[in-house]
Amino acid sequence: MENRFHIAVVQAEQQIYDCDKNVQRGLEFIKQAKEMGADLVLFPECWIQGYRMPLLYEEKTLEQLFEMKECGMTWEEIEENSAYQEWKEEALELTDARIQVFCEKARELSIGIVLTCYTKGKKRPRNSAIVIDKTGKILMQYDKVHTCDFSLECLLEKGETFNVCDFHGIKLGIMICYDREYPESARELMLKGAEIILVPNACSGMRPRVNVLETRAYENMVGVVMANYAGENMGNSCAFSPIPWDEDGYGVDMTLFKAEETKTDIYMATYHLEQLRNYREHEMMGATFRNVNAYEKLLEQKVEKPFIRKTWISTEGKEGEL
């Protein structure tokens, strides 16, 4: 692959009840991205179905459900709920035609795609990102590890690991939305060899979260690219270089682009691979001088005050776990 790597980032308004329309919109965005010279297209979180959860109570809106501190239902009651059953059935297998059509488009246009959707898990749906290479081959499925268990997202099944794949000679890692709040997510991807971390997103209150993504790029010496849905207090799709200084040691802006909140568009992040790799081989962040013997508490499961919280389904397990 040539020295420059072009990632097209789709920021668009969310359509949450029309999978077929989302598939068609996605294919059109991919065609536009190819015309712009992109090597890879990144979609926001849950593109095919739209980021949505089941309306477990007929009298409540989705916003009201998200604002509830706890559900008040048992897992048994949820499993019997018709809205939950319908939502669960919408999760896709990788062989589903709505995924395979993106593989065909990748092969036809010789372009990579990071496609997002709900996929079928062992018991419940998973929030997934699927990396498709330029030949239409699925390289990797990443399932969101940090589900938002303080909200409706506790209905999702968690992923077990962070994955990195080789995309035509470039090491790509994925973390989804809430994963970004934990430094360990990007650190694990960096330690597994990721050069660029891609972040599908469906989130509001983006200003501090954009700052977090810049920090993840800096501390791990990786490129970071995020795609979000357009909307008030949303948007802000962005990309960051990991290189914070010029050749003379003066600080530079690491931002490759940052979108407006409400604008629907395709944004391009271009990484100079030789420059990025040279920087990663010589600077002092990343894994260079980590004293891992001082990190023993990082793998402890115990949650203590002030961080104890109830999960949204409070009848399940102990406080602070699901």
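Structure: above.
Note that residues are indexed from 1 along each chain, following the sequence as it is written. Note on the predicted model: pLDDT of at least 70 is required for a residue's local features to be given, and 80 or more for side-chain atom pairs to be given and counted; whole-chain, interface and lining totals, by contrast, use all residues. Calculated side-chain values reflect all of the structure's heavy atoms, with hydrogen atoms and water omitted.

A. Spotlight on the packing of helix H6 (residues 183-191) against helix H7 (residues 206-220). In this analysis, axes come from line fits to C-alpha atoms, helices being fitted only over the stretch in contact, and the angle between any two N-to-C directions falls in the range 0 to 180 degrees. Here a helix means four or more residues in a row that DSSP labels H or I, a strand means two or more in a row labelled E, and each is numbered from the N terminus. At their nearest, the axes of H6 and H7 sit 10 Å apart, and the two run at 40° to each other. Classified by the angle their axes make, H6 and H7 are oblique. The crossing of H6 and H7 is right-handed. Each of Pro183, Ala186, Arg187 and Met190 in H6 lies in contact with H7, whose residues at this interface are Arg216, Glu219 and Asn220. Partitioned by chemical class, the residues of the contact of H6 with H7 number 3 nonpolar, 1 polar and 3 charged. We call two directions roughly parallel when the angle between them is under 35 degrees, roughly antiparallel when it is over 145, roughly perpendicular when it lies between 65 and 115, and oblique otherwise. When the near helix sits turned anticlockwise from the far one by under a right angle, the crossing is termed left-handed; a clockwise turn instead gives a right-handed crossing. When checking whether two residues touch, look at their non-hydrogen atoms; a contact exists if any pair is within 4.5 Å. Each residue is assigned to one of three groups, with Ala, Val, Leu, Ile, Met, Phe, Trp, Tyr, Cys and Pro labelled nonpolar, Asp, Glu, Lys and Arg labelled charged, and all others, Gly among them, labelled polar.

B. Local environment of the nonpolar core. Among the nonpolar cores identified, the biggest contains 52 residues, and Phe43, Ile48, Leu56, Ile78, Phe102, Leu155 and Trp312 are the most heavily contacted of them. Sort the elements by how many residues they give to this core and helix H1 (residues 19-35) lands first, with 6 residues. If we skip the residues at most four places from it in the chain, phenylalanine 102 touches Val23, Gly26, Leu27, Ile30, Phe43, Ile48, Ile113, Leu115 and Ile132. Judged by nonpolar contacts, the second largest core, of 49 residues, contains Ala186, Ile196, Leu198 and Tyr271. Definition used in this section: a nonpolar core is a set of buried Ala, Val, Leu, Ile, Met, Phe, Trp, Tyr and Cys residues joined via side-chain atoms within 4.5 Å. Per-residue accessibility, obtained with a 1.4 Å probe over protein chains only, is compared with the maximum for each type, and a residue is labelled buried under 20%, exposed over 50%, and partly exposed between these values.

C. Here's a closer look at the packing of aromatic side chains. Here a pair means two rings of Phe, Tyr or Trp (six-membered ring of Trp) with centres within 6.5 Å. Their orientation is stacked below 30 degrees between planes, edge-to-face above 60, and tilted elsewhere. Taken as a whole, this structure holds 12 aromatic pairs when the rule is applied. Consider the rings of phenylalanine 5 and phenylalanine 167, whose centres lie 5.9 Å apart with planes at 45°: the pair is tilted. Taken together, the residues span a long stretch of sequence, with phenylalanine 5 in strand E1 (residues 4-11) and phenylalanine 167 in strand E6 (residues 164-167) at a distance of 162 residues. Of the two residues examined, phenylalanine 5 and phenylalanine 167, each falls in the buried class. With 5.7 Å between their ring centres and 70° between their planes, tryptophan 87 and tyrosine 118 make a pair best called edge-to-face. Residue tryptophan 87 is found in helix H4 (residues 82-89), and its partner tyrosine 118 is found in strand E3 (residues 112-120); the two are separated by 31 residues along the sequence. Using a relative accessible area of 3% as the deciding quantity, one classes tryptophan 87 as buried. Members of the aromatic cluster, connected to one another through ring pairs, are Phe29, Phe43, Trp47, Phe102 and Tyr229.

D. Region of interest: the pattern of salt bridges. Within this document, salt bridges are pairs made up of a side-chain nitrogen of Lys or Arg and a carboxyl oxygen of Asp or Glu, the two lying within 4 Å of each other. The tally for this structure, following the rule as stated, stands at 21 salt bridges. A salt bridge links glutamate 181 to arginine 209, with the nearest nitrogen and oxygen atoms 2.9 Å apart. Of the two residues, glutamate 181 sits in the loop between strand E7 (170-174) and H6 while arginine 209 sits in helix H7, which places them 28 residues apart along the sequence. The salt bridge involving glutamate 188 is made with lysine 192; its shortest N-O contact spans 3.6 Å. Taking the relative accessible area as the measure of exposure, lysine 192 reaches 37% and is therefore partly exposed. Shared partners join several salt bridges into a network, and the residues in it are Lys122, Arg126, Asp143, Glu157 and Glu160.

E. Here's a closer look at H6. Listing the buried residues of H6 in full gives Ser185, Ala186, Arg187, Leu189 and Met190. Packing partners of the buried residues in H6 comprise E6, E7, strand E8 (196-200) and H7. Glycine 193 lies just past H6 and shows a positive phi near 105°.

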